[in-house]
Amino acid sequence: MEHKLLDKIEIPHDRFEIRLSGSGGQGMILGSVILAEAIGVDYSKNVVQTQSYGPEARGGASKADVVVSTNEIYYPKAMQLDMLLCMTQESMDRYYADLHKDGVLIVDSGLVKNIPTENYYALPFTKIAREEAGHVMVANVVALGAIAAFTGIVSKEDLIDAVLKRAPRGTEEKNRTAVEIGYAEALKVKKDPTRRAED
Amino acid sequence: MVDTQRTLLLGNLAAVEGAIYAGMRFYAGYPITPSTEVAEGCSRELPKIGGRFIQMEDEIASIGAVVGASVSGMKAMTATSGPGFSLMQENIGYAYITETPCVVINVQRGGPSTGLPTKVSQSDTMQARWGPHGDYTAIVVAPSTVGDTVTETIRAFNLSERFRTPVVVLMDEIIGHQRELISLPKPGEHQVINRVKATVPPEEFQPFRLTANGVSPMAAYGEGYRTISTGLTHDPMGFTTNKPEEIKVKLDKLRNKIMDFRSEITKLRVEMMDDAEIAFVSYGSVSRAVLLAVALARSAGVKVGLVQLYTVWPFPDNKLRDYCQKCQKIIVPELNMGQIVHEIRRVMPPDTEIHSLQRYDGEILTPMQILEKLEEVM
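Predicted, not measured: the structure shown is a model, and the values here were computed from it.

Enquirer: Explain the interface of chain A and chain B here, please?
Expert: In many analyses, interface size is given as the accessible surface area lost on bringing the parts together. Each partner contributes residues to the interface: chain A has 25 residues there, and chain B has 29 residues. Where the side of chain A that touches chain B is concerned, the elements lending two or more residues are α1 (28-40) and β2 (46-53) of chain A. A per-element tally of the side of chain A that touches chain B places β2 of chain A first, with seven residues. Pairing between β2 of chain A and strand β8 (residues 179-183) of chain B: two bridges, direction antiparallel. Residue pairing for β8 of chain B: Val48 of chain A is matched across the bridge by Glu180 of chain B.

This is the structure we're talking about:
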């Protein structure tokens, strides 16, 4: 079908769109809030964070979008993702189609096995959280550290500040470690994309 | 100038900021998704500034407590969603007839009934106008961004106090659960209106005195005035009446005190309408998708514009007609099965082509869906 209007329209790429996706309880929404707060300390940027989740407290699909732009952000939801984090196979299957052709795909290699592209970064965030950062609960924070390294959308220092502002008292060190490990592991993978950390 | 005071604020907490700025010091509510963060924010902030927060046993009691606080002299608010808004209707009606200023935040979710607790909807647009039974005129405002939510909540309190009437802030899940970097208003940046208080000697006081503008000066319980609140139709003294001439005067007062000032109450955002041949009319979160769609269509040479309703009720009949007079076609995107579109059909000349664009599957209309509709009607 010929579209006399739609064919003429190209959505301008004046925004950077990030989606964190997984299942309820993995901390995707909190992760997106921390990321938005970390990016928001840069006063030249506008940031909008939105979320979508089900009525369950745990389980069910959960996703959160962060849109960053130096222009006014009209539409608050993501349209063509520049970065997609998938922490479950279900979220991989559901949201891959929303990723821009040049977008960055990041998956938890311990939890996501079927990946419809060769072009992705993989790290076992959940396993790293459990075995190296001290608690499985900080898997989202490990992933945030990796996002900072993979995309450069936020500095490690701003991210740590934002994480610590949200971390419950007594968990500061675990959370700081989680960012550091995620960042360091991602840098290794980024230098050598063929090197994929296995589960 | 770089504003270093920006904060990443949740839409629901923006409503709390706006309310406190406007002088709200009493909140009663019953938490319900997606409005819960309004209650959480009030429970954190109000005790710090000498206010009161009460979690009531349900929504019926919540709005009852809000009305009680207001007639005792406080600026009071509640917030709810979905089924909670339905439960509140009887006492919102009580607030209309007793002319009690108060603000009800409705963060809309999908329905009917329990419906979709975490999904967006604009399907309470008519309920916000016609929820309680009986004849009355409602004021309903609708923000579309986190920043708007602060200013529209302030405006809601101002209108409520000025006209002695409940005001509904019609939010939705996307606005309520969205965080944006905003600058909070500084003291003095926005006008804050307080209700007109009784100044006459107590023996001359009439709680519903007929005045030129229809608004009766109010006395709080405990201030030394004999004042009455009854849900029965009443005369200027507040005494129950069955006299046709007094009944009519009361109902006219409820309508005219608002409709005589409609042009001051209605507020619209008008974008690119000067030469527009096709207009979008929208309100709430969907307006943001429309804004992007309009910008994209303009870049492709289509003469299209947006009229966004910040005041949904009373409906801005004259202003809308004026802005859209050159448009042969109007598209009305709503996250429901078509509600405000009927008002636009009522207001516009019969030869205007009016198209309803509906989405009611729990998701927001996307800019591309809006552009597809535009192409279809072009």
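Enquirer: How do you make sense of the sheet that holds strand β1 (residues 15-23) of chain A when you look at a structure like this?
Expert: Whenever strands of a sheet pair, they do so through backbone hydrogen bonds, lying parallel or antiparallel. The mixed open sheet is built from eight strands, whose spatial order is β6(A)-β5(A)-β4(A)-β1(A)-β3(A)-β2(A)-β8(B)-β1(B). One side of each edge strand has no neighbouring strand; the edge strands of this open sheet are β6 (121-123) of chain A together with β1 (6-10) of chain B. Across the sheet, the axes of successive neighbouring strands diverge by a mean angle of 20°, strand direction being ignored. The sheet contact formed by β2 of chain A and strand β3 (residues 61-69) of chain A spans eight bridges and is antiparallel. Bridge assignment links Val47 of chain A to a residue of β3 of chain A, and that residue is Val68 of chain A. The strands touched by helix α6 (residues 146-163) of chain B within the sheet are β1 and β8 of chain B, with β8 of chain B carrying the most contacts at an inclination of about 60°.

Enquirer: Explanation requested: the pairing of strand β5 (residues 99-108) of chain A in the structure shown.
Expert: Residues in a regular strand project their side chains so that they alternate between the two faces of the sheet. Residue and element names in this part refer to chain A. Bridge count between strand β4 (residues 81-86) and β5: five bridges; the pairing is parallel. Counted as the bridge partner of Leu84 is Leu105 from β5. For the segment spanning β4, helix α2 (residues 89-95) and β5, crossover handedness is right-handed. Relative to β6, β5 is paired through three bridges, and the arrangement is parallel.

Enquirer: Just to check I follow, could you spell out the confidence of the model for chain B for this structure?
Expert: Detail in the predicted coordinates should be disregarded across regions flagged by low pLDDT. Averaged over every residue, the pLDDT of chain B is 97; the share at 70 or more is 99%. If you check the scores for this complex, the pTM reads 0.95 and the ipTM reads 0.90.

The rules behind the values
- Residues numbered from 1 in each chain as written.
- Chains lettered and ligands numbered in written order.
- Predicted model: local features only at pLDDT ≥ 70, side-chain atom pairs only at ≥ 80, totals over all residues.
- Contact = placed C-beta atoms within 7 Å.
- Helix = DSSP H or I, 4+ residues; strand = E, 2+ residues; numbered from the N terminus.
- Pairing = 2+ DSSP bridges.
- Axes fitted to C-alpha atoms, helices over the stretch in contact; angles between N-to-C directions.
- Right-handed = clockwise from strand over helix to strand, strands pointing away.
- pLDDT = per-residue confidence, 0-100.

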